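Here is what each chain is made of, one letter per residue.
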Amino acid sequence: MRFQPTPIACGLAGLLLSLQGTALAQQAAAGKDDKAKQQLEAVVITGIRASLESSLDAKRNASANVDVITAVDVGKMPDKNLADSLQRVVGVAVRTDYDEAEKVAMRGANPDMSLILFNGHTVSGGDWYLNDQASSSRSTSLSLMPSSVLNSATVYKTSQANIVDGGLAGTINVTTRKPLDSPKGFSGVVSAGAVYADLPGKTSPQLNASLNWKNEDSTLGFIGQVFAEKRYIRRDTASRFAYGANSGWDQINTATMLGITDASLAGSGYTAAQLNGVRLPGSMSTEFVEGVRDRKGGMFSGQFKPTTNTEVGLTGFYSKMNAANFGRATMGAIYQMLAGQSGPLGGTTATNVNGQRVYASIKNPVIVEEETIYGHKLRVLKSAEISYANGLPAQYVGDSEGFYRSGAYASSGFLDLDGKWVVSDKLTLKGLLSTTKGIGHTDMDRGLTYSRYGQGVKYAFTDLERAPDFSWINAGSGTMPLATSAAPGTPGYRLTGRSGLNRYHTVDSEKSYAIDGEYTQDSGIFSSMNFGFRNADHRRQYGLSTVALKSAFVAANAPDPALAVPYPGDFGQYLGGNFDNSGFYFSKDTLTSLFADLAKQTNPQWERRIANSIDLREVQSAAYLMQNLEGEKWSGNAGVRLVRTTVTSRTPVPIPAGACLRIEPGKPYVPCAAYPDAIIDVSEGQPYYDNVPFNGATGTIYRKETTRRVFDDILPSLNLRYDFGSGLIGRLGLSKTIGRQNYNLYGATYSNPSCTSQGCTVTGPNPNLKPLSSRNLDISVAWYYAKRSMLALSAFSSLIDGYAKTGGTSSGQTVDLYDGTTNTVRTYMINSSTQQKARIRGVELAWEQPIAWGFGFQSNASYAETRVEDGRPMNGASKLAGNAGVYWENEVFSARLVYNYRSEYVSSTTAPSPTANSQGMSTIGGVLMPSAPTIAAPVSNVAFTANYNITPELQISFSATNLTNPVRATYRYSEAEQQKVDASGRQYYLEARYKF
């Protein structure tokens, strides 16, 4: 058997070597002369080197600018999910939650602008954390996708007409394995091991197994794979988190903070007036989160080739990650202390000591000047003591909470049926039917909040990546609450609040079909023509429900303080700083039992909450035509894709107060005469206590208003490739791409209606938001100067139209709503998201080079400059990203060490609400400026893997991730305004793999 050094041969060689060890060598020995053996040995290589050669050949021969990852890459890398693997690609950055890469961003854009495909179709997924479940982002969470499902991944940096639309910044197509590609009739891989997470200090099992069978004629085959991977997580955090106005950063205002006087500042060198406008941290807080990521699932693939001209395949995948999580926090209340407010949980009740309001004061202030990300000069209170006067009874100084979220999970699955028919030597047709569904769910979120009473707090910021130094002043025990019998004014914690029993549920699904054809022309420069059609019906639904409680909150029903559990002694060990790391919580069993006794059984319909629910349908239709071109030294394609997006949203709309009455659970349903479509059999979170007369007139009642919009786009593309000789390849890509808006921008509820002499306004969604569009230019040159060697440079530019601008500005749209002040229906101007222009441009550099004796390295770096029309930074956009890796490999042993870097980026949610102030303005120190986003500081990481072949069939593997245990920090206007710093620890994996 003779092999030629084509991309297909090299890719197949890499895959077969990863799954079958020495199968190809045995095949060569079975039969040919010495010359054939020498040729085989010249082409077939093993392990890391095979994967590099396969990937480079695919990149070299592609008309468009692409990057490729093969299954061997994953087998030799310390990657545990697909996001881990993709972050090694130049121009790709990831968003990391806790210690695992989760969402992928390309070329400086945020994750919502990247499209993830599996076998050519989109894949729906859920999120495991309740805030992400509610965000309605389009970004795909790859934490559900273990690396072992990957056959290859092609990262399209430039678009072409036959690629599914929706990837504004780029598209990633992940393919799974096909059974007929296996060299053996029956084969398999079993991997078993364990992972140790050093911060929680726990070990958990890891299992992966796959079996492949095909008949002797290679006309029928099946693959089955299962995986069960469990890992404990923990995150220690020091932050500014708190309730109410004191969460994050604010500014000093001596007109309301009456405790700040010249007398209280005596000896500090400042007067009270000089502190006005100084930026002030709202809290000194710590957060302690524990959880589990228990990922189980499998994949099935069947392939049938009844004739040489026909082929049918069926592939199914399902993954579910159970992720129950337990969050605890201790929070200060600096802002409220200075404002003379004693209301817990962010309340504004005035402090009162013997009928007189009291205020905290600032002592020993240290003020520094900062330059904001927008270029303004501000002052920051770097350190101070915030305290009440000596001799006063203990006053409100903060809160402590513990929330257990049971039944939290995310799932993703798809089923696709594909077919291929070679009609003639000129025409080939392919078809694809697919269905996919993802769920994000939290079964119950419940918790208790205790408020702390004392004299105050001292703090000092030292470094961005280091927790502040801070300590409480005369605030009682930090590890146990007070008994309910403790006298008023006693320092310590008292129960002041309990949560509702909230359930979150998001469903994302899509059904699609596609027909693709290729007609071979062989006519001059016209080599072949591609054409096709695709239709996808996408649904997105999000809802929150609340279980009724039997009674109102009573502080006397607090759990026994003796049941309180203190924070572990090593809490915050990786955060640096000299801070109070004490805290307490009640176990998940205590909370579960307590709230189970409080819960009142009604029915699922009553528990629903309509406000802020998402109910959206999006139908995507596209047809394309692409001409493939080929000359003596050049090739390429030119095409056009016609796209129609039809968006139908059902938006919650409040009805006039008193126009309809809510129906008590269990009572007959009678539609409201005034508004027959009003949803009157849901609680909307209103109390329904035992022994309290039911009042159907409380709260807001909603109906749903349906809007339908149609958007058409024409997407031309051109890709050219030129071979200059001596391994030098140049490419040019021109295209127009689209990206669709996040779901909640189309379908959030209306709120805050207001009427003046100038007219009426209301905040809400904007169903007229058109998809984002981008005009893209990509120029690249790559030099393949030796085997497995490449030096490549790319430059790109994208001009974006339709980028969402949130902040509640006038959208130009109206809605008719009832005005309770005039008892009439009036027309309201909707304040919502609008659209603006943005730009991304940058360069990428990649270098891969084998050295000698099995050594080699890979490296890449990218620079992306983003600009939004109104001057704000783009969400999720990093200027710099880079990777560097070295490897060594022989026939028995391989090792790889990789380094990853990502510069700062805006880490605010990728799907802010339509009226969020993320694009708004704020007055700081008398200066009107853009509101401060939350910015993630630069972070780098190191991972390592080593593999030892005991026999050709048995391999031992050791991997370590988060080796440098990076501390992840975020800040606001500048690095002087640290928002939080957290650490999640290292993970160590030990596995044994057996191949047969």
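Residues numbered from 1 in each chain as written. Predicted model: local features only at pLDDT ≥ 70, side-chain atom pairs only at ≥ 80, totals over all residues. Heavy atoms only, no water.

### Regarding the overall build of the protein
(1) Moving on: Along the backbone of the protein there are 12 helices and 49 strands.
(2) Moving on: Here the C-alpha atoms of the protein give a radius of gyration of 30 Å, agreeing with the 30 Å that 2.2 N^0.38 yields for 996 residues.
(3) Moving on: Its C-alpha atoms put the protein at 105 × 65 × 55 Å along the principal axes.
(4) Moving on: Scored against the burial criterion, the 996 residues of the protein give a buried share of 57%.
(5) Moving on: At a minimum sequence separation of 6, the contacts of the protein that also span at least 24 residues come to 75%.
(6) Moving on: For the protein, the centre of its 93 positive side-chain charges and the centre of its 85 negative side-chain charges are spaced 1 Å apart. (Helix = DSSP H or I, 4+ residues; strand = E, 2+ residues; numbered from the N terminus. Rg over C-alpha atoms; globule rule 2.2 N^0.38 Å. Buried < 20%, exposed > 50% of the residue type's maximum accessible area, 1.4 Å probe, protein only. Contact = heavy atoms within 4.5 Å. Lys, Arg positive; Asp, Glu negative; His and termini not counted. Charge placed at Lys NZ, Arg CZ, Asp CG, Glu CD.)

### Some thoughts on a negative patch on the surface
(1) Moving on: A cluster of acidic residues, Asp463, Glu465, Glu904 and Glu975, forms a negative patch at the surface.
(2) Moving on: Turning to its location among the elements, glutamate 904 is positioned in the loop between β40 (893–902) and β41 (905–906). (Patch = residues over 30% accessible without salt bridge, like charges linked within 9 Å, V, L, I, M, F, W, Y side chains within 5 Å. Areas by Shrake-Rupley, 256 points an atom, 1.4 Å probe, with all protein chains shown as cover. Salt bridge = Lys/Arg side-chain N within 4 Å of Asp/Glu carboxyl O.)

### Re the sheet that holds strand β6 (residues 152–156)
Two modes of strand pairing occur in sheets, parallel and antiparallel, and in both the strands are linked by backbone hydrogen bonds.
(1) Moving on: Here 5 strands make up an open sheet; going across it, the order is β1-β6-β7-β4-β5 and the pairing mixed. The two strands at the open ends of the sheet, each matched to only one other strand, are β1 (66–70) and β5 (121–122).
(2) Moving on: As judged from the 5 bridges shared by strand β4 (residues 114–118) and strand β7 (residues 170–175), these two strands associate in the parallel manner. Across the sheet, phenylalanine 118 pairs through a bridge with valine 174, a residue of β7. (Pairing = 2+ DSSP bridges.)

### Structural notes on unusual backbone geometry
(1) Moving on: In this structure, serine 218 is a non-glycine residue whose phi angle is positive, near 55°.
(2) Moving on: Structurally, the position occupied by serine 218 is in the loop between β9 (202–214) and β10 (220–239).
(3) Moving on: In this structure serine 218 comes out as partly exposed when scored by relative accessible area, which is 27%.
(4) Moving on: Backbone geometry places tryptophan 853, a non-glycine residue, at a positive phi of 55°.

### Let's talk about helix α10 (residues 588–598)
(1) Moving on: For α10, the complete set of buried residues consists of Thr590, Leu591, Phe595 and Leu598. For α10, the buried positions fall inside an angular range of 115° around the axis, keeping them on one side. Those residues of α10 that are exposed and aimed more than 90 degrees away from the buried face are Asp589, Ala596 and Asp597. (Arc of directions from axis to C-beta.)

### Topic: the pattern of salt bridges
(1) Moving on: Inspection of every chain in the model, using the stated rule, returns 39 salt bridges.
(2) Moving on: A salt bridge links arginine 740 to aspartate 165, with the nearest nitrogen and oxygen atoms 2.7 Å apart. Residue arginine 740 is located in the loop between β32 (728–739) and α12 (744–747), and its partner aspartate 165 is located in the loop between β6 and β7; the two are separated by 575 residues in the primary sequence.
(3) Moving on: Its relative accessible area of 8% is what places arginine 740 among the buried residues.

### A short note on the confidence of the model for the protein
(1) Moving on: For the protein, the mean per-residue pLDDT works out to 87, and 92% of the residues sit at or above 70.
(2) Moving on: Counting contacts from residues 1–45, a segment whose pLDDT is below 50, to residues more than four positions away or on other chains yields 60 contacts. (pLDDT = per-residue confidence, 0-100.)

### Observations concerning the state of the cysteines
(1) Moving on: Per the stated rule, a full pass over the model turns up 2 disulfides.
(2) Moving on: There is a disulfide in this structure between cysteine 660 and cysteine 672, and the S-S distance comes to 1.9 Å. Residues cysteine 660 and cysteine 672 share a disulfide whose torsion about the S-S bond is about -80°; that sign makes it left-handed. In this pair, cysteine 660 sits in the loop between β30 (634–654) and β31 (702–725) while cysteine 672 sits in the loop between β30 and β31, placing the two residues 12 residues apart along the sequence. Assigned by exposure class, cysteine 660 and cysteine 672 land together as buried.
(3) Moving on: Each sulfur of the disulfide joining cysteine 755 and cysteine 760 lies 2.0 Å from the other. (Disulfide = S-S within 2.5 Å.)

### Focus: the packing of aromatic side chains
(1) Moving on: Applying the stated criterion across every chain, the model contains 33 aromatic pairs.
(2) Moving on: The interplanar angle of 55° and the centroid separation of 5.7 Å between the aromatic rings of tryptophan 128 and tyrosine 129 together place this pair among those described as tilted.
(3) Moving on: Ring plane angle 25° and centroid distance 6.1 Å describe the contact between tyrosine 994 and phenylalanine 996, whose orientation is recorded as stacked.
(4) Moving on: Among the aromatic residues, those joined into a cluster by ring pairs are Phe288, Phe326, Tyr404, Tyr567, Phe571 and Tyr585.
(5) Moving on: The ring of tyrosine 232 has lysine 202 lying over it, and the distance from NZ or CZ to the ring centre is 4.8 Å.
(6) Moving on: It is arginine 902 that lies over the ring of tyrosine 905; its NZ or CZ is 3.6 Å from the centre. (Phe/Tyr/Trp six-rings, centres within 6.5 Å; stacked < 30°, edge-to-face > 60°. Lys NZ or Arg CZ within 6 Å of the ring centre and 35° of its normal.)

### Re the environment of tryptophan 128
(1) Moving on: Of note, tryptophan 128 is situated in the loop between β5 and α7 (130–135).
(2) Moving on: Each C-alpha atom of the pair tryptophan 128 and valine 380 lies 36 Å from the other, and the pair is 252 residues apart in sequence.

### Points about the pairing of strand β17 (residues 377–387)
The side chains of a regular strand alternate between the sheet's two faces.
(1) Moving on: The buried fraction of β17 is high, at 8 of 11 residues.
(2) Moving on: As judged from the 9 bridges shared by strand β16 (residues 361–371) and β17, these two strands associate in the antiparallel manner. Its bridge partner being in β17, isoleucine 367 is matched across the sheet by leucine 381.
(3) Moving on: Here β16 folds back onto β17, and the loop between the two strands holds 5 residues, one of which, glycine 375, carries a positive phi near 95°.
(4) Moving on: Of the strand pairs in this sheet, β17 and strand β21 (residues 456–460) are connected by 5 bridges, and their pairing is antiparallel. Within β21, the position partnered with alanine 384 by the bridge is tyrosine 459.

### What about the side chain of serine 342?
(1) Moving on: Note that serine 342 resides in the loop between α9 (334–339) and β16.
(2) Moving on: Take serine 342: its relative accessible area is 19%, and that puts it in the buried class.
(3) Moving on: Polar side-chain contacts of serine 342 include one of 3.3 Å to the backbone oxygen of alanine 350.
(4) Moving on: With sequence-adjacent residues up to four places away left out, serine 342 is seen in contact with Thr349, Ala350, Thr351 and Tyr396. (Polar contact = N/O pair within 3.5 Å; in protein donor to acceptor, adjacent residues only side chain to side chain.)

### Section: the pairing of β7
(1) Moving on: The element β7 is largely enclosed, with a buried count of 5 among its 6 residues.
(2) Moving on: By the bridge criterion, 5 bridges tie β6 to β7 in an arrangement that is antiparallel. Directly across from valine 155, in β7, lies its bridge partner isoleucine 172.

### A short note on the nonpolar core
(1) Moving on: Judged by nonpolar contacts, the single largest core of 64 residues is most densely connected at Ile252, Ile260, Leu338, Ile362, Leu381, Ile386 and Tyr459.
(2) Moving on: Once residues lying within four places of it in the same chain are set aside, the contact partners of isoleucine 260 are Ile252, Thr254, Leu265, Ala272, Leu275, Leu338, Ala360 and Ile362.
(3) Moving on: Core analysis: the next-biggest nonpolar cluster, separate from the first, contains 44 residues, Ala101, Ile116, Leu168 and Met874 among them. (Core = buried A, V, L, I, M, F, W, Y, C linked by side-chain atoms within 4.5 Å.)

### Things to note about the side chain of arginine 446
(1) Moving on: Summarising the element assignment, arginine 446 is placed in strand β20 (residues 427–454).
(2) Moving on: In terms of polar contacts, arginine 446 uses its side chain to reach the side chain of serine 406, at 2.9 Å.
(3) Moving on: Residues contacting arginine 446, with those up to four places away along its chain left out, are Gly402, Phe403, Tyr404, Ser406, Ser499, Gly500, Leu501, Leu591, Thr592 and Phe595.

### Quick notes on the environment of glycine 569
(1) Moving on: For glycine 569, the position within the fold is in the loop between β26 (565–566) and β27 (584–585).
(2) Moving on: Separated by 386 residues in the primary sequence, glycine 569 and glutamine 955 place their C-alpha atoms 39 Å from one another.

### Brief notes about the environment of asparagine 364
(1) Moving on: Positionally, asparagine 364 belongs in strand β16.
(2) Moving on: In this view, asparagine 364 contacts Ser383 and Ala384; residues no more than four positions away in its chain are not counted.

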